[in-house]
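Okay, here's what each chain looks like letter by letter:
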Amino acid sequence: MDFHLLGPLEVLDDGAPVPLGGVIKRGALAHLLIHANSVVATSRLLAALWPGDTPLTARKMLQNAVRDLRRTLSCEPGSEGRAVLVTDAPGYRLRVDPDAVDLLRFRRAVERGHAEVAVGSYESAARVLREALGLWRGPALADLVEDGLVWPELTAWENSRLNALEDLFEAELACGRHHAVLGELQAVAAAEPTRERLSCQLMLALYRCGRQTEALAAYRHRRVELVERYGLEPTREMQKLERAILAHAPELDPPSPPALVDVTPLPRTDLSGTDLSGTDTARETPAQSRAGLIAVGGRATRPRRLNESTVEHKRISLVWVRHALEGHGHDPSSVQEALREAERVVREEAARFGGTMAHAAGPVLSALFGHPETSEDDAARAVRAAFAMRDRFAGRGAGPAPMGPGPACLHVAVVTGDAYLLFRPGEPDTAPRVMGEAADRCFRMLALAPQGQVRVCEVTRRASEPDIAYRVGPEPPDGWEAVQVRGQRHGAEGRRTAGPRDWTARPAQEPEEIPAHAVL
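Residues numbered from 1 in each chain as written. Predicted model: local features only at pLDDT ≥ 70, side-chain atom pairs only at ≥ 80, totals over all residues. Heavy atoms only, no water.

## Some thoughts on the sheet that holds strand β2 (residues 10–13)
Piece 1. Read from one edge to the other, the open sheet built from three strands follows the order β1-β2-β3, with strand pairing classed as antiparallel. With partners counted over all chains shown, the strands left at the sheet margins are β1 (2–4) and β3 (16–17), one partner each.
Piece 2. For β1 and β2, the ladder comprises three bridges, and the chain directions are antiparallel. Note that in β2 the partner of Asp 2 across the bridge is Leu 12. (Pairing = 2+ DSSP bridges. Helix = DSSP H or I, 4+ residues; strand = E, 2+ residues; numbered from the N terminus.)

## Details of the nonpolar core
Piece 1. The biggest cluster of nonpolar side chains holds 84 residues, and the ones touching the most others in it are Phe 3, Leu 5, Leu 141 and Trp 157.
Piece 2. When residues no more than four places from it in sequence are discounted, the contact partners of Phe 3 are Glu 10, Val 11, Leu 33, Leu 73, Ala 83, Val 96, Ala 100, Val 101 and Asp 102.
Piece 3. Ala 350, Ala 367, Met 389 and Val 485 belong to the second largest nonpolar core, which has 29 residues in total. (Core = buried A, V, L, I, M, F, W, Y, C linked by side-chain atoms within 4.5 Å. Buried < 20%, exposed > 50% of the residue type's maximum accessible area, 1.4 Å probe, protein only. Contact = heavy atoms within 4.5 Å.)

## Thoughts on unusual backbone geometry
Piece 1. Cis peptide bonds are those with omega within 30 degrees of zero, and the linkage from Ala 89 to Pro 90 qualifies with 10°.
Piece 2. Among the secondary structure elements, Pro 90 is positioned in the loop between β5 (84–88) and β6 (91–95).
Piece 3. Backbone torsion omega between His 371 and Pro 372 reads 5°, so that peptide bond is classified as cis.
Piece 4. Residue placement: Pro 372 occurs in the loop between β11 (364–369) and α13 (378–393).
Piece 5. In this structure, Asp 14 is a non-glycine residue whose phi angle is positive, near 55°.

## Thoughts on the pattern of salt bridges
Piece 1. Scanning all chains against the criterion turns up 32 salt bridges.
Piece 2. The partner of Arg 344 in a salt bridge is Glu 341, and the shortest N-O contact between them spans 2.8 Å. Placement of the pair is Arg 344 and Glu 341 together in helix α12 (residues 332–352), with a separation of three residues, close to one helical turn.
Piece 3. We classify Arg 344 as partly exposed; its relative accessible area is 22%.
Piece 4. Here Asp 391 and Arg 390 are joined by a salt bridge, their closest N and O atoms 3.3 Å apart.
Piece 5. A relative accessible area of 1% means that Asp 391 is categorised as buried.
Piece 6. On the basis of relative accessibility, which here comes to 3%, the residue Arg 390 falls in the buried class.
Piece 7. Salt bridges sharing common partners tie together Glu 341, Arg 344, Glu 348, Glu 349, Arg 352 and Arg 392. (Salt bridge = Lys/Arg side-chain N within 4 Å of Asp/Glu carboxyl O.)

## A few points about helix α7 (residues 152–174)
Piece 1. Taking 1.5 Å of rise per residue, 23 residues should cover 33 Å, and α7 covers 34 Å from first to last C-alpha, within 8% of that figure.
Piece 2. Downstream of α7 by a residue or two, Gly 176 has a phi angle that is positive, lying close to 85°. (Expected span 1.5 Å × (residues − 1).)

## Regarding the environment of Asp 418
Piece 1. As for its placement among the helices and strands, Asp 418 is situated in strand β12 (residues 408–423).
Piece 2. C-alpha separation for the pair Asp 418 and Arg 315, spaced 103 residues apart in sequence, amounts to 4.3 Å.
Piece 3. Excluding its chain neighbours within four sequence positions, the residues that come into contact with Asp 418 are His 313, Lys 314, Arg 315, Glu 437 and Ala 438.

## Some words on the packing of helix α4 (residues 102–118) against helix α5 (residues 122–133)
Piece 1. The geometry of α4 relative to α5 is characterised by a closest axis approach of 8 Å and an angle of 160° between their N-to-C directions. Judged by the angle between their axes, α4 and α5 are roughly antiparallel. The two elements α4 and α5 cross, and the hand of that crossing is left-handed. In contact with Phe 106, Ala 109, Val 110, Arg 112, Gly 113, Glu 116 and Val 117 of α4, α5 contributes Tyr 122, Ser 124, Ala 125, Val 128, Leu 129, Ala 132 and Leu 133.
Piece 2. When grouped by side-chain class, the residues that make up the contact of α4 with α5 number ten nonpolar, two polar and two charged. (Axes fitted to C-alpha atoms, helices over the stretch in contact; angles between N-to-C directions. Parallel < 35°, antiparallel > 145°, perpendicular 65-115°, else oblique. Left-handed = near helix turned anticlockwise from the far one by under 90°. Nonpolar A, V, L, I, M, F, W, Y, C, P; charged D, E, K, R; others polar.)

## Considering the packing of aromatic side chains
Describing an aromatic ring pair means giving the distance of the ring centres and the angle of the ring planes.
Piece 1. Counting across every chain of the model gives one aromatic pair.
Piece 2. Plain terms: the ring middles of Phe 106 and Trp 136 are 5.6 Å apart, the flat faces sit at 80° to each other, and that makes the pair edge-to-face. With Phe 106 in helix α4 and Trp 136 in the loop between α5 and α6 (142–146), the pair connects residues that are 30 residues apart, well separated along the chain.
Piece 3. Classification of Trp 136 by relative accessible area gives buried; the value is 14%.
Piece 4. The side chain of Arg 161 reaches across the aromatic face of Trp 136, ending 5.8 Å from its centre.
Piece 5. Sitting over the ring of Trp 480, Arg 461 keeps its end group 4.6 Å from the ring centre. (Phe/Tyr/Trp six-rings, centres within 6.5 Å; stacked < 30°, edge-to-face > 60°. Lys NZ or Arg CZ within 6 Å of the ring centre and 35° of its normal.)

## A short note on the packing of α7 against helix α8 (residues 178–191)
Piece 1. α8 packs onto α7 with a crossing angle of 155° between their chain directions and a minimal axis gap of 10 Å. By the angle class used here, α7 and α8 are roughly antiparallel. Where α7 crosses over α8, the two elements pack in a sense that is left-handed. Mapping the contact onto sequence places Leu 162, Leu 165, Phe 169, Glu 172 and Leu 173 in α7 and His 178, Val 181, Glu 184, Leu 185 and Val 188 in α8.

## Some remarks on the environment of Val 128
Piece 1. Looking at the element boundaries, Val 128 is found in helix α5.
Piece 2. Sequence separation of Val 128 and Val 110 is 18 residues, and the distance between their C-alpha atoms is 7.6 Å.
Piece 3. When sequence neighbours within four positions are dropped, the list of residues in contact with Val 128 reads Ala 109, Arg 112, Gly 113 and Glu 116.

## Remarks on the state of the cysteines
Piece 1. Under the counting rule described, the total for this entry stands at zero disulfides.
Piece 2. Looking at Cys 457, it has no disulfide partner, and the nearest cysteine sulfur is the one in Cys 442, 8.2 Å off. (Disulfide = S-S within 2.5 Å.)

## Description of the side chain of Lys 314
Piece 1. Position of Lys 314 relative to the elements: it lies in strand β9 (residues 310–325).
Piece 2. Overall, Lys 314 belongs to the buried group, its relative accessible area being 10%.
Piece 3. With near-sequence residues (within four places) excluded, Lys 314 lies in contact with Gly 370, His 371, Pro 372, Glu 373, Thr 374, Gly 417, Asp 418, Ala 419 and Leu 421.

This is the structure:
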């Protein structure tokens, strides 16, 4: 079983939701999970479930809830991996595997990420913290809060989430990804005006993006708010940062991006160009002469040899799909078959909209638009393909749904930007590895994308808005939610193979648009 507290209370048994009953039963389970593997006194549970006056029958109602919970958590004799609720004076103890509780996994990941930030391992810290923050599905225990159960632990969790966000932004800024995190930083800093570390990070990101006046304006706005509301001046660190921005201090400059270096061993040739190992490098066949660039010590040249990795730098639209089976204990052969089916769906839907499947890694599948030729409608075709992929996985698309051993979690992100396409020796041109700013942003957005939605970056939204409708509102930190294709009925977007602008032909009278909930 898996227990989710970072959002509405949820229990999954092999990926299937478990009914939890009324507020007393759900509240008792949540409080025991908060203190998992520790004894919780009966008096403490009563106070948590009835914050005001405790009714005379409260103890009896708690005993009934515990009995129902034991029935819910019960398992067949000899099976393992379940939670066990035991009576342990002066109350109860819920024995559970820490890996089965999202709150405990979040705490461990945050501690690891904070430690890596402290020692300067920023790339690893950013990856760990993104994964940790991706466990949040909304406000913690939102359903119980709605029912009036508001516990002090929830405030501590929210502070821990904000601390993790600050560590994440520090790691991302140290990696030189100020452009990628600016929008997210602005949203979080606006929601948390009293956290000066966030304000300093926002000022630094704005400055590094070439927006010095906005960085100084952010400082002035924060100072006015602190003085008027609390009678306080900004901290010395914030004042020092403002002076450094005014002086264009060199220590504020972003770190230099690492140069792309070709690490392929140079072949030994004689003066005629003949490879001494037996390969003729003077004459290059058409198969060897891929269109692309090879980066040697950061300098771009035309590719010359088949055994050299070629790199092409261009603007693309990238679709990433994270497809993961819910629950545990799946047969390895069925998992492998499910992954093959998922790859087939992504490949087919990408091809239908004029894209290609890029290099896949584990449960993350990738489709590429803008290779080999860039088109003005790459972003719109990428979003349409993302719709089609999501619908196929949900069994609503034009093609057959992928077969698998059980239900799957699906997260989809679409990003448009500059990237490096890496072709390794012996790999087909249709499956390049994607690196650079676009891939970095897509990784972060995919970690935050809600299940079952198509989320896109600001650049993709602007480029595709004539053809794609989006949820109205301020820019969310986890990307814009793509709702539907404008002027087409649901499911029509994937009924014919499309290249650049092939799909734009519309009937004289456009069909009515469908409401957002019909797509989602």
